[in-house]
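# Observations on the three-dimensional arrangement
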Amino acid sequence: MTVPGVLSLSGNDCLNVFNGYSQRLSDADSARGSVRGVAGPDDDPLWEWKKDHYRQLWAQFGFLDGSLKSFGETLVNIQAPTSLSAGSREETLQYIDELGHLEDGWDGYEGYSPSLSACGNARSVITCIAAEFPKLPSPEIGPTTNGTLTLAWKAPAGNACIEIGDSLYSAYIRVRDEFVPLKGECSELGERQLQLIWSRLYQ
Amino acid sequence: MKISLSNKRQIFRMAHSFFTATGVGFRFCGILLPKAVSDEEVIVRAIFSPYHLKSGGTKLKRDAFFPSPSTDEISVMRSSFLSSDACKRKARELESPTHKKEFKGFAVLNVGDIRGAELDVVDSRIEFLGHGDIRTGVSGPPKGTPCDPDLRERIDQISSSLLGLSRFVEDPDPSAARWLGPGLTPDD
């Protein structure tokens, strides 16, 4: 679950954004991104050029519920995550509680439900984020099929994921070629790991 | 003599619908479905809300492609052979609206594309005739245990790459017994 904010860009802003992200975009794996259901105007001589940039933007932001919308006055509409405000923190904690009530097979297949202790551990992390890292964007939270929960962040700089189990956690931070692995007891999970995510992805 | 995929499909579908209706000779039907999954085939994965879809309900999350626990298998149906109606019938057997697990449509993928991403697709008719699995080559840990960090990243990468290769086709009427949506093809 993300708590999205919306950034709407006009035509000129869009070009500025493209220029602003040009370095990062050149590193994006554009082949993986694809723009589906978006048709370009036939008479736009720059369409091929724009499409290429949209693809890269999609690859960069698609994970964030990103959507590329109309090509009229609003060229691009990107939904970016916001930090955990008090309201969204409650909403996030409520969502975690909801995950604690899943039953085996929740995914339509054979997925195990997250245990109450895994959900309790995830709640502690969210509480820590809200208290100590108010500017850290809200992670995307989801259950995995083996009964753990993941908290994932994706930023232009890279991405990070914490997987929380009954008593153990594992995590990674990926920034280009740099890979930072972390793992240990859930009781040790908190400020140190979140500080690493904050500093590597957002500072 | 080499029989084309479309001819094989037609023969299988006729036999499948006949044997499904009459309930006899199902074993014979299996002979008509090749065990080897060809690159030209299209496969579908049934999508259920809410955990396979983003908040708007129209876009897939990569979670839709997490393998079954402690395996490297992601269940799919061989829609080049099974009809859209048969795929939907099977999908609806898995749903449970009382537990907020509702069938919403299919993620459609091309087998050749999946193999291009260094994954495999195999027949697994032990589940039911027409069932297959995407094999990722990466198995998860036991229940309640997180993956090692490098394994977690690999699983996330695989799920993201399948997400990028798939097309979500939403069911316009999930409650209908038959598939009333557009054709289950990987391209728009």
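It should be emphasised that the depicted structure is a prediction, and the values quoted were computed from it without experimental measurement. (Residues numbered from 1 in each chain as written. Chains lettered and ligands numbered in written order. Predicted model: local features only at pLDDT ≥ 70, side-chain atom pairs only at ≥ 80, totals over all residues. Heavy atoms only, no water.)

## Section: the sheet that holds strand β3 (residues 140-143) of chain A
Residue and element names in this part refer to chain A. Spatially, β3-β4-β5-β6-β7 is the arrangement adopted by the five strands of the open sheet, whose pairing is antiparallel. This sheet does not close on itself; its edge strands, each paired only once, are β3 and β7 (178-185). Between one strand and the next, the sheet's axes are offset by a mean angle of 15°, whatever the strand orientation. Pairing geometry for strand β4 (residues 149-155) and strand β5 (residues 158-164), over seven bridges, is antiparallel. Bridging across to β5, leucine 149 finds its partner in isoleucine 164. Relative to β4, helix α5 (residues 116-132) is tilted by about 35°, and along the sheet it contacts β3, β4 and β5. Each of β4, β5, β6 (168-175) and β7 touches helix α6 (residues 191-202); the most contacted strand, β6, lies at about 15° to it. (Pairing = 2+ DSSP bridges. Helix = DSSP H or I, 4+ residues; strand = E, 2+ residues; numbered from the N terminus. Axes fitted to C-alpha atoms, helices over the stretch in contact; angles between N-to-C directions. Contact = heavy atoms within 4.5 Å.)

## Some remarks on unusual backbone geometry
Residues and elements named next belong to chain B. A cis geometry characterises the amide bond from serine 49 onward to proline 50, with omega recorded as 0°. Topologically, proline 50 is positioned in the loop between β1 (42-49) and β2 (73-77). Despite not being glycine, serine 70 has its phi angle at roughly 60°, a positive value. Here serine 70 lies in the loop between β1 and β2.

## Concerning the confidence of the model for chain B
All names here are of chain B. When the pLDDT values of chain B are averaged, the result is 90; 97% of them are 70 or greater. No element of chain B has a lower mean pLDDT than helix α2 (residues 26-31), which averages 74, and none a higher one than strand β4 (residues 120-123), which averages 98. Interface confidence for the predicted complex, given as ipTM, is 0.84, next to a pTM of 0.75. (pLDDT = per-residue confidence, 0-100.)

## Description of the pattern of salt bridges
Residues and elements named next belong to chain A. Summed over all chains, the structure comprises 19 salt bridges over all chains. Measuring nitrogen to oxygen at the nearest pair gives 2.4 Å for the salt bridge that ties arginine 200 to glutamate 178. Of this pair, arginine 200 sits in helix α6 while glutamate 178 sits in strand β7, and the two are 22 residues apart along the sequence. Owing to a relative accessible area of 31%, arginine 200 belongs among the partly exposed residues under this scheme. (Salt bridge = Lys/Arg side-chain N within 4 Å of Asp/Glu carboxyl O. Buried < 20%, exposed > 50% of the residue type's maximum accessible area, 1.4 Å probe, protein only.)

## Regarding the interface of chain B and chain A
Counting from both sides, the interface comprises 39 residues of chain B and, opposite them, 51 residues of chain A. Each partner contributes to the roughly 3500 Å² buried at the junction of chain B and chain A, and carbon and sulfur atoms together form 50% of this total. A per-residue breakdown of the area chain B buries against chain A is headed by Tyr51, Pro69 and Pro149 of chain B, which together make up 19% of the total. The interface formed by chain B and chain A contains three salt bridges. The tally of links from chain B across to chain A stands at 14 residue pairs in polar contact (both at pLDDT 80 or more). Ranked by residue count, the leading element in the side of chain B that touches chain A is helix α5 (residues 149-165) of chain B, at eight residues. (Buried area = accessible area lost by both parts, 1.4 Å probe. Polar contact = N/O pair within 3.5 Å; in protein donor to acceptor, adjacent residues only side chain to side chain.)

## What to know about the pairing of β6 of chain A
Residues and elements named next belong to chain A. Extensive coverage of β6 is indicated by the burial of six of its eight residues. Bridging between β5 and β6 involves six bridges; their strand directions are antiparallel. In the strand pairing of β6, asparagine 159 is matched with arginine 174. Between β5 and the antiparallel strand that follows it, β6, lie three residues. Sheet topology places β6 next to β7; eight bridges connect them, and they run antiparallel. Within the sheet, the bridge partner assigned to valine 175 lies in β7 and is glutamate 178.

## Points about helix α1 (residues 5-22) of chain B
Helical geometry: 3.6 residues make up each α-helical turn, so side chains three or four residues apart lie on a common side. Residues and elements named next belong to chain B. Compared with the 26 Å implied by 1.5 Å per residue over 18 residues, the 25 Å span of α1 between its first and last C-alpha is a close match. Among the residues of α1, Phe12, Ala15, His16 and Phe19 are the ones counted as buried. Axial view of α1: buried residues confined to an arc of 105°, hence all on one face. Relative to its buried face, α1 has exposed residues pointing more than 90 degrees away, namely Gln10, Met14 and Ala21. Directly after α1, the chain includes glycine 23, whose backbone phi takes a positive value near 75°. (Expected span 1.5 Å × (residues − 1). Arc of directions from axis to C-beta.)

## Some thoughts on the packing of aromatic side chains
A complete count under the given rule lists eight aromatic pairs over all chains for this structure. Plain terms: the ring middles of tyrosine 109 of chain A and phenylalanine 48 of chain B are 5.9 Å apart, the flat faces sit at 80° to each other, and that makes the pair edge-to-face. A residue pair is termed interchain when its members come from two chains, as with tyrosine 109 of chain A in the loop between α4 (86-100) and α5 and phenylalanine 48 of chain B in strand β1. With centroids separated by 6.0 Å and ring planes inclined at 25°, the aromatic side chains of tryptophan 198 of chain A and tyrosine 202 of chain A adopt a geometry described as stacked. With tryptophan 198 of chain A and tyrosine 202 of chain A both in helix α6, this residue pair falls four residues apart, about one helical turn. Judged by its relative accessible area of 17%, tryptophan 198 of chain A falls in the buried class. (Phe/Tyr/Trp six-rings, centres within 6.5 Å; stacked < 30°, edge-to-face > 60°.)

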